[in-house]
Amino acid sequence: MSKGVVVEPVRVDGRSVDGRSLRAVLGRFCTGVTVITALDGGEPVGFSCQSFTALSLDPPAVCLCPARTSTSWPRIRAAGRFCVNILAHDQEDVCRRLARSGTDKFAGIDWSPSDNGSPRLAGALAGIDCDLDRELDGGDHTIVIGRVTGLREHSDAPPLLFYRSAFDRLGA
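Residues numbered from 1 in each chain as written. Predicted model: local features only at pLDDT ≥ 70, side-chain atom pairs only at ≥ 80, totals over all residues. Heavy atoms only, no water.

Within the protein one finds three helices and 12 strands. Overall, the C-alpha framework of the protein stretches about 50 × 35 × 35 Å when taken along its three principal axes. Sorting the 172 residues of the protein into buried and exposed places 34% on the buried side. The long-range share in the protein, meaning contacts at least 24 apart out of those at least 6 apart in sequence, stands at 63%. (Helix = DSSP H or I, 4+ residues; strand = E, 2+ residues; numbered from the N terminus. Buried < 20%, exposed > 50% of the residue type's maximum accessible area, 1.4 Å probe, protein only. Contact = heavy atoms within 4.5 Å.)

Right, dumping it as structure tokens:
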């Protein structure tokens with residue numbers, strides 16, 4: 001058994017699980033990294049999102065969870081459609097840029113319109129076009145269900161991963 005940071009056990013009654021402990025434990029779950037994009041009045045808008053998963057094959061659907069504090073999600077919601085860009089191992093800088101708030105996130109980022117018109121990022125592994133299906137309350141996040149309307153694979157490069165609050169790569 002390997003040694004690591006010890007996180008003390010906590011009671012699970014909803015009130016005694018603190019955010020720090022939860023983050024430490026959930027950080028042991030490796031995720032891929034995506035960027036969610038749309039057009040708002042012809043202007044590209046987007047945000048980095050690691051809270052993304054496949055939801056259903058029939059009907060085809062995905063799930064993502066933007067923070068309630070996101071200023072980009074309301075603009076994407078208003079568009080009613082979006083593209084999930086799955087990032088490649090060499091796109092850490094793209095992820096960081098799209099994670100910022102209050103800046104021109106798309107300055108210097110190459111993109112073209114996906115089949116639904118949303119920005120498809122150059123160098124991404126794949127793009128998943130979606131129509132907004134519904135939203136659910138998720139505490140400090142919103143649970144978004146997107147109905148998949150199109151798919152496109154772009155690259156066989158390794159994915160960008162997020163593990164224990166840091167970027168990682170397969171085989172690293």
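Don't stop here, the text continues.
A separate point is the sheet that holds strand β12 (residues 166–169). In spatial order, the strands read β1-β11-β12; together these three strands make up an open sheet with antiparallel pairing. Here the strands that pair on one side only, and so sit at the sheet edges, are β1 (31–32) and β12. Of the strand pairs in this sheet, β1 and strand β11 (residues 160–163) are connected by two bridges, and their pairing is antiparallel. Within β11, the residue paired with Gly-32 across the bridge is Leu-161. (Pairing = 2+ DSSP bridges.)

Within this structure's numbering, the places UniProt gives as "domain: Flavin reductase like" (unreviewed entry) are residues 26–169. Between the C-alpha atoms that bound residues 26–169 the distance is 18 Å, and the span itself is 11% helix and 51% strand. (UniProt positions renumbered as here; feature names shortened; annotations may be inferred.)

Once that is clear, we can look at the sheet that holds strand β10 (residues 141–153). Pairing in this open sheet of seven strands is antiparallel, and the strands run β3-β2-β6-β9-β10-β5-β4 from one edge to the other. Only two strands of the sheet have a single partner each, and these edge strands are β3 (43–49) and β4 (52–57). Across the sheet, the mean angle separating the axes of adjacent strands is 35° when strand polarity is ignored. Pairing analysis gives six bridges linking strand β6 (residues 81–86) to strand β9 (residues 126–138), with the strands arranged antiparallel. Each bridged residue has a counterpart across the sheet, and for Asn-85 the counterpart in β9 is Gly-127. (Axes fitted to C-alpha atoms, helices over the stretch in contact; angles between N-to-C directions.)

Under the definition given, this model contains two aromatic pairs. Judged by centre distance (6.2 Å) and plane angle (75°), the rings of Trp-73 and Phe-82 are edge-to-face. The pair formed by Trp-73 and Phe-82 is uniform in burial state, with each residue classed as buried. Pairing Phe-162 with Phe-167 gives two aromatic rings, centres 5.4 Å apart and planes at 75°, and the pair type is edge-to-face. (Phe/Tyr/Trp six-rings, centres within 6.5 Å; stacked < 30°, edge-to-face > 60°.)

Turning to its location among the elements, Thr-37 is positioned in strand β2 (residues 34–40). Thr-37 sits in the buried class, given a relative accessible area of 0%. For Thr-37, the side chain forms a polar contact with the main-chain oxygen of Pro-119, separated by 2.5 Å. Sequence-distant contacts of Thr-37, that is, excluding residues within four places in its chain, are made with Val-45, Gly-46, Arg-81, Phe-82, Cys-83, Asn-85, Phe-106, Ser-118, Pro-119 and Leu-121. (Polar contact = N/O pair within 3.5 Å; in protein donor to acceptor, adjacent residues only side chain to side chain.)

Of note, the amide linkage connecting Asp-58 to Pro-59 takes the cis form, showing an omega dihedral of 5°. Relative to the helices and strands, Pro-59 resides in the loop between β4 and β5 (60–64).

Following the sequence through the fold, His-154 ends up in the loop between β10 and β11. Non-local contacts of His-154, meaning those with residues more than four positions away in its chain, are made with Arg-120, Ala-124, Leu-125, Ala-126 and Gly-127. In terms of polar contacts, His-154 uses its side chain to reach the backbone amide nitrogen of Gly-127, at 3.5 Å.

What follows deals with the pattern of salt bridges. The full count for this structure, using the stated rule, is nine salt bridges. The salt bridge partner of Arg-147 is Asp-131, with a shortest N-O separation of 3.5 Å. Taken together, the residues Arg-147 in strand β10 and Asp-131 in strand β9 connect sequence positions 16 residues apart. On the accessibility criterion, Arg-147 (37% relative accessible area) is partly exposed. Taking relative accessible area as the criterion, Asp-131 reaches 22% and is therefore assigned partly exposed. Among the ionic pairs, Arg-147 bridges to Asp-133, the shortest N-O distance being 3.8 Å. Here Arg-147, found in strand β10, pairs with Asp-133, found in strand β9; they are 14 residues apart in sequence, far enough to count as distant. Through salt bridges that share partners, Asp-131, Asp-133, Arg-134 and Arg-147 make up one connected network. (Salt bridge = Lys/Arg side-chain N within 4 Å of Asp/Glu carboxyl O.)

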